[in-house]
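A structural walkthrough
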Amino acid sequence: MRVVIAEDNVLLASGLELLLGSRGFEVAAIADDAPGFLAAVEAHRPDVTIVDVRLPPTFRDEGIRAALQARRERPGLPVLVLSQYVEQEYAGRLLSDTGGGIGYLLKDRVSRIAEFTEALRRVAAGGTALDPEVITQLLAVRGDPVESLTPREREVLALMAEGHDNAGIAERLFVTENAVHKHVGGVFLKLGLSPGDSGHRRVRAVLTWLRRHGGPEPARTKKGP
């Protein structure tokens, strides 16, 4: 799996290259600014990209703008954005692109190697990967129909927003897949979303609704019915 990285911090970029190389990825190029990233994407046609939100020269939103431009030029290009903090405006701009293959993680998540590489593979496959802290801040409850969800349905919704499938949700909540299926159906029914949606399309539908109307608290994995 070929990866292009946009990261101006030399130590982090080198660390990502070593980490990914040890996990079966091929780092085709590392760029330290937006023009270099766009050129690398054009030259190497990567399977997935990793982009820092803030790049030279202003260190504001060059990374996000470059990622969105790259996706306009190559629709569906998988992009995993890394950020030091949750930047709601930038995260919202990225998530408004509903073409699939989108992730937004805090840089601290890179140190959790298994989680990070799992998220990268999910994004490369066209799925969604969101840091739980991003979900907490972007999807705060604002008095809309989400309030009609049961506590368990909110947990299921938050885990769906993180990109987990029914099997993954069942494992984290210590319930059966059949129980998760019923909860998912209840979530879609109460939010007015089609229960026929699946995979990352289901996640995108939930996120689209939540960006307009509010959303769930982060899921807390625990035993219980």
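Structure: see above.
Residues numbered from 1 in each chain as written. Predicted model: local features only at pLDDT ≥ 70, side-chain atom pairs only at ≥ 80, totals over all residues. Heavy atoms only, no water.

A few words now on the packing of helix α1 (residues 10–22) against helix α5 (residues 113–124). Running from N to C, α1 and α5 point in directions that differ by 80°, and their axes come no closer than 11 Å. The angle between the axes of α1 and α5 places the two elements in the roughly perpendicular class. In this structure, α1 uses Leu16, Leu19 and Leu20 to contact α5, whose residues at the interface are Ile113, Phe116, Thr117 and Leu120. Split by residue class, the contact of α1 with α5 holds six nonpolar, one polar and no charged. (Axes fitted to C-alpha atoms, helices over the stretch in contact; angles between N-to-C directions. Helix = DSSP H or I, 4+ residues; strand = E, 2+ residues; numbered from the N terminus. Parallel < 35°, antiparallel > 145°, perpendicular 65-115°, else oblique. Contact = heavy atoms within 4.5 Å. Nonpolar A, V, L, I, M, F, W, Y, C, P; charged D, E, K, R; others polar.)

Attention now moves to unusual backbone geometry. Looking along the chain, the bond that leaves Pro56 and enters Pro57 is cis, with omega of 10°. With respect to the helices and strands, the residue Pro57 is situated in the loop between β3 (48–52) and α3 (62–73). Its identity is not glycine, yet Phe59 carries a phi of approximately 55°, on the positive side. With respect to the helices and strands, the residue Phe59 is situated in the loop between β3 and α3.

Below, the discussion takes up the sheet that holds strand β1 (residues 2–6). Either a parallel or an antiparallel arrangement is found when strands of a sheet pair, and the pairing is made through backbone hydrogen bonds. Across the sheet, which stays open at both edges, the six strands sit in the order β2-β1-β3-β4-β5-β6 with parallel pairing between neighbours. Only two strands of the sheet have a single partner each, and these edge strands are β2 (26–31) and β6 (128–130). Going from strand to strand, the sheet's axes swing by 20° on average, the running direction of each strand aside. Each of β1, β2, β3 and β4 (79–83) touches α1; the most contacted strand, β2, lies at about 170° to it. The sheet strands contacting helix α2 (residues 34–44) are β1, β2 and β3, and the helix crosses β1 at an angle near 170°. (Pairing = 2+ DSSP bridges.)

So, about the pattern of salt bridges. For side chains of opposite charge, pairing can occur when their charged atoms come near one another. Within the structure shown, the criterion is met by nine salt bridges. Here Arg152 makes a salt bridge to Glu155, at a shortest N to O gap of 2.6 Å. Here Glu155 and Arg152 lie together in helix α7 (residues 151–161), a separation of three residues that amounts to about one turn. Across this residue pair, the class does not change: Arg152 and Glu155 are buried. Put simply, Glu7, Asp52 and Lys107 are held in one network by salt bridges that share partners. (Salt bridge = Lys/Arg side-chain N within 4 Å of Asp/Glu carboxyl O. Buried < 20%, exposed > 50% of the residue type's maximum accessible area, 1.4 Å probe, protein only.)

With that settled, the discussion passes to empty space enclosed by the protein. For the structure shown, the criterion picks out three cavities of 30 Å³ or more. Of the voids in this model, the second largest cavity is the one considered here, and its volume is about 40 Å³. Together, Leu38, Val41, Glu42, Ala70, Glu73 and Arg74 line the second largest cavity. Elements with a minimum of two residues in the lining of the second largest cavity: α2 and α3. With three residues, the top contributor of residues to the lining of the second largest cavity is α2. Residues that form the lining of the second largest cavity fall into these classes: three nonpolar, no polar and three charged. (1 Å grid on protein atoms, 1.4 Å probe; cavity = no way out; pocket = protein on both sides within 12 Å on 5 of 7 lines; lining within 4 Å. Points joined across faces, edges and corners; volume = space filled by probe spheres on them.)

Moving on: the environment of Ala70. Secondary-structure assignment places Ala70 in helix α3. A C-alpha to C-alpha distance of 7.5 Å links Ala70 and Val41, two positions 29 residues apart in sequence. Other than its neighbours up to four places away in sequence, Ala70 contacts Phe37, Leu38 and Leu77.

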